[in-house]
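Take a look at the letters that make up each chain.
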Amino acid sequence: MNNQTYNKKCWLCGEIANSEEHKFKASILKRHFGKNYSKNKHTYISGKEEKTIDSYKSKELKFPPIICEDCNNNKTRSADVSYDLTWYQ
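Quick summary incoming for the structure in this document. Sequence order as written defines residue numbering, which begins from 1 separately in each chain. The model is predicted, so local features are restricted to residues of pLDDT at least 70 and side-chain atom pairs to those at 80 or more, both for listing and for counting; the totals for chains, interfaces and linings are taken over all residues. Where side-chain values are given, they derive from all heavy atoms of the structure, hydrogens and water being excluded.

**Here we look at the pairing of strand 2 (residues 49–53)**
Moving residue by residue along a regular strand, the side chains alternate between the two faces of the sheet.
Inference 1: Two strands are said to pair when DSSP picks up at least two bridges between them. By definition, any uninterrupted DSSP run of H or I lasting at least four residues is a helix, any uninterrupted run of E lasting at least two residues is a strand, and each is numbered from the N terminus. Pairing of strand 1 (residues 42–46) with strand 2 involves 5 bridges; the strand directions are antiparallel. Within the sheet, the bridge partner assigned to Thr 43 lies in strand 2 and is Thr 52.
Inference 2: A loop of 2 residues connects strand 1 with strand 2, the two strands running antiparallel in sequence, and Gly 47 in this loop sits at a positive phi of about 65°.

Shown next as structure tokens:
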């Protein structure tokens, strides 16, 4: 990440935003497409732009950093668990 990215603040706690949040939950991407994207070509389309995706960790599948690692990993955990319980029922 570049220095400009680290100037942004976490929208929850105000610390430095240093964690990229997935646009779609990584667990759902892995479940649907598998962990190894190299076996099949996947394309991400945004407007008129198309990009080949090689991993569920691809930058195209993440927002720019808007949250800190602590909030992403700990403080939003209950929301992730609630979502998973609803999604997998």
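**Topic: the packing of aromatic side chains**
Inference 1: Between the rings of Phe, Tyr and Trp (Trp by its six-membered ring), a pair exists once the centres lie within 6.5 Å; its type follows the angle of the planes, with under 30 degrees stacked, over 60 edge-to-face, and the other angles tilted. Summed over all chains, the structure comprises 0 aromatic pairs.
Inference 2: Two conditions define a charge located above a ring, namely a distance within 6 Å from the ring centre to NZ of Lys or CZ of Arg, and an angle within 35 degrees of the ring normal. It is Lys 23 that lies over the ring of Phe 63; its NZ or CZ is 5.9 Å from the centre.

**As for the nonpolar core**
Inference 1: We call a set of buried residues a nonpolar core when its members are Ala, Val, Leu, Ile, Met, Phe, Trp, Tyr or Cys and they connect through side-chain atoms within 4.5 Å of each other. Summary of the burial criterion: residues with accessible area below 20% of their type's maximum are buried, those above 50% are exposed, and those between are partly exposed, where the area comes from a 1.4 Å probe applied to protein chains only. Core analysis: the largest hydrophobic core is formed by 7 residues, namely Ala 26, Leu 29, Tyr 37, Tyr 44, Ile 53, Tyr 56 and Leu 61.
Inference 2: Residues contacting Leu 61, with those up to four places away along its chain left out, are Glu 21, His 22, Lys 23, Phe 24, Leu 29, Tyr 44, Ile 53, Ser 55 and Tyr 56. Note on contacts: a residue pair is in contact if any heavy atoms of the two residues lie within 4.5 Å.

**Some points on the environment of Asn 36**
Inference 1: With respect to the element layout, Asn 36 can be found in the loop between helix 1 (26–33) and strand 1.
Inference 2: Residues Asn 36 and Ser 55, 19 residues apart in the sequence, show an inter-C-alpha distance of 6.8 Å.

**Some remarks on the side chain of Thr 76**
Inference 1: Mapped onto the fold, Thr 76 is located in the loop between helix 2 (69–75) and helix 3 (77–87).
Inference 2: Take Thr 76: its relative accessible area is 18%, and that puts it in the buried class.
Inference 3: Polar side-chain contacts of Thr 76 include one of 3.1 Å to the backbone oxygen of Asn 72.
Inference 4: Excluding anything up to four places from it in sequence, Thr 76 contacts Leu 12, Ile 67 and Cys 71. We call two N or O atoms a polar contact when they sit within 3.5 Å, provided that within protein one can donate a hydrogen and the other can accept it, with sequence-adjacent residues counted only if both atoms are side-chain atoms.

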